[in-house]
Amino acid sequence: SQTIHQWPATLVQPVGSPLSLECTVEGTSNPNLYWYRQAAGRGLQLLFYSVGIGQISSEVPQNLSASRPQDRQFILSSKKLLLSDSGFYLCAWSEGQGNAGANVLTFGAGSRLTVL
Amino acid sequence: AQSVTQLDSHVSVSEGTPVLLRCNYSSSYSPSLFWYVQHPNKGLQLLLKYTSAATLVKGINGFEAEFKKSETSFHLTKPSAHMSDAAEYFCVVSAGGRGRRALTFGSGTRLQVQP
């Protein structure tokens, strides 16, 4: 069966420090991978989307970047965190386009980032 | 273009009473519709999905939803609330677009269950 792992679960970082959140998926190949953010009291905002290794689409201009160095690995990064980067970050995967499950997302447990 | 509106940001019910979480959508295509649940500080879990088969969809934990095209609605219901149902619920529409643009999330409904 497929599983998704996301870490760290909780992170407290000072303004201006770097960030790296990692997500890996097991039990599937060629997944679509996503990074979402939930700010306090707000819905889900899609940050990045990837259909394959090295292929990243950015949904909103921001202080963050994403990379996909391997098929089932998705990394969210920042060189210098801002206060506004605080939030709950969720990684998700789905089957690739053309598959029956292409629009069904499976989410990781989330990473709570607090920037002070 | 597609959109989804969750009509209530908060719903409070007593344990053992029915639950109704409302969702309306708009779509230029025949949509697929989903409900996800999120418990505090957890990821989202798929409750159920509608993909143009039966209009009444049964999900996990006793939840179900009915697709009503004439009303453009996909409301989530449960006959009897349990304390463990307290969570945030998201309605999602997918209208046949490609990749990242295929999914639109509602703003969420927080369900409180009173003892």
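These numbers were taken from a predicted model, which means no experiment stands behind them.

Enquirer: Quick question: what am I supposed to make of the overall build of chain B here?
Expert: Helices and strands together make up the secondary structure of chain B, namely zero helices and 12 strands. For chain B, the N- to C-terminal ordering of α and β elements is β-β-β-β-β-β-β-β-β-β-β-β. For a compact globule of 115 residues, the expected C-alpha radius of gyration is about 13 Å, and chain B comes in at 14 Å, within 12% of that figure. The 115 residues of chain B split such that 44% are buried. Contacts spanning at least 24 positions in sequence make up 57% of the contacts within chain B whose residues lie at least 6 apart.

Enquirer: Whenever I open this one, the nonpolar core confuses me. Can you help?
Expert: Where a protein is soluble and globular, its nonpolar side chains tend to be buried together. In terms of nonpolar packing, the biggest core is built from 26 residues, with B:Trp35, B:Leu48, B:Leu76 and B:Tyr89 touching the most fellow members. For this core, the element with the most residues is strand E10 (residues 87–94) of chain B, which contributes four residues. Among residues more than four places away in sequence, those in contact with B:Leu48 are B:Leu33, B:Phe34, B:Trp35, B:Val57, B:Lys58, B:Gly59, B:Phe63, B:Glu64, B:Ala65, B:Phe74 and B:Leu76. Counting 20 residues, the second largest nonpolar core, distinct from the first, contains A:Phe48, A:Leu64, A:Ala66 and A:Trp93.

Enquirer: Is there a simple way to think about the environment of B:Tyr29 in this case?
Expert: All names here are of chain B. Of note, Tyr-29 is situated in the loop between strand E4 (23–27) and strand E5 (32–38). Tyr-29 sits in the exposed class, given a relative accessible area of 57%. For Tyr-29 and Ser-94, which are 65 residues apart along the polypeptide, the C-alpha to C-alpha distance reads 9.0 Å.

Enquirer: Quick question: what am I supposed to make of the interface of chain B and chain A here?
Expert: Quite often, the size of an interface is put as the accessible area lost when its parts meet. Facing the 20 residues of chain B at the interface are 18 residues of chain A. Summed over the shared surface of chain B and chain A, the number is zero salt bridges. Scanning the region where chain B abuts chain A turns up four residue pairs in polar contact (both at pLDDT 80 or more). Mapped by element, the contributors of at least two residues to the side of chain B that touches chain A are E5, strand E6 (44–50), E10 and strand E11 (103–105) of chain B. Taken together, the residues of the side of chain B that touches chain A sort by class into eight nonpolar, seven polar and five charged.

Enquirer: Even after reading the chapter, I still don't get the packing of aromatic side chains, so can you show me in this structure?
Expert: Geometry of an aromatic ring pair is reported as the spacing of the ring centres plus the angle between the planes. Tallying each qualifying case throughout the model produces 13 aromatic pairs over all chains. Arranged with centres 6.2 Å apart and planes meeting at 35°, the rings of B:Tyr36 and B:Phe105 form a pair that is tilted. Here B:Phe105 lies in strand E11 and B:Tyr36 lies in strand E5, a separation of 69 residues in the sequence. Since its relative accessible area comes to 1%, B:Tyr36 is described here as buried. Clustering of aromatic rings is evident, with ring pairs tying together A:Tyr34, A:Tyr36, A:Tyr49, A:Phe107, B:Phe34, B:Tyr36 and B:Phe105.

Enquirer: Whenever I open this one, the state of the cysteines confuses me. Can you help?
Expert: Simply put, disulfide is the name for a covalent bond between the sulfur atoms of two cysteines. Within this structure, the stated rule accounts for two disulfides over all chains. In this model A:Cys23 forms its disulfide with A:Cys91; the gap between the sulfur atoms is 2.0 Å. Taking the sign of the torsion about the S-S bond as the criterion, the disulfide between A:Cys23 and A:Cys91, at about -75°, is left-handed. Separated by 68 residues along the polypeptide, A:Cys23 in strand E3 (residues 19–26) and A:Cys91 in strand E9 (residues 87–94) bring together distant segments of the chain. The same class applies to A:Cys23 and to A:Cys91, which are both buried. A sulfur-sulfur distance of 2.0 Å marks the disulfide that ties B:Cys23 to B:Cys91. Sign of the S-S torsion, about -70° for the bond between B:Cys23 and B:Cys91, identifies this disulfide as left-handed. In this pair, B:Cys23 sits in strand E4 while B:Cys91 sits in strand E10, placing the two residues 68 residues apart along the sequence.

Conventions we followed
- Residues numbered from 1 in each chain as written.
- Chains lettered and ligands numbered in written order.
- Predicted model: local features only at pLDDT ≥ 70, side-chain atom pairs only at ≥ 80, totals over all residues.
- Heavy atoms only, no water.
- Helix = DSSP H or I, 4+ residues; strand = E, 2+ residues; numbered from the N terminus.
- Rg over C-alpha atoms; globule rule 2.2 N^0.38 Å.
- Buried < 20%, exposed > 50% of the residue type's maximum accessible area, 1.4 Å probe, protein only.
- Contact = heavy atoms within 4.5 Å.
- Core = buried A, V, L, I, M, F, W, Y, C linked by side-chain atoms within 4.5 Å.
- Salt bridge = Lys/Arg side-chain N within 4 Å of Asp/Glu carboxyl O.
- Polar contact = N/O pair within 3.5 Å; in protein donor to acceptor, adjacent residues only side chain to side chain.
- Nonpolar A, V, L, I, M, F, W, Y, C, P; charged D, E, K, R; others polar.
- Phe/Tyr/Trp six-rings, centres within 6.5 Å; stacked < 30°, edge-to-face > 60°.
- Disulfide = S-S within 2.5 Å.

Any link to function would need more than the numbers given here.
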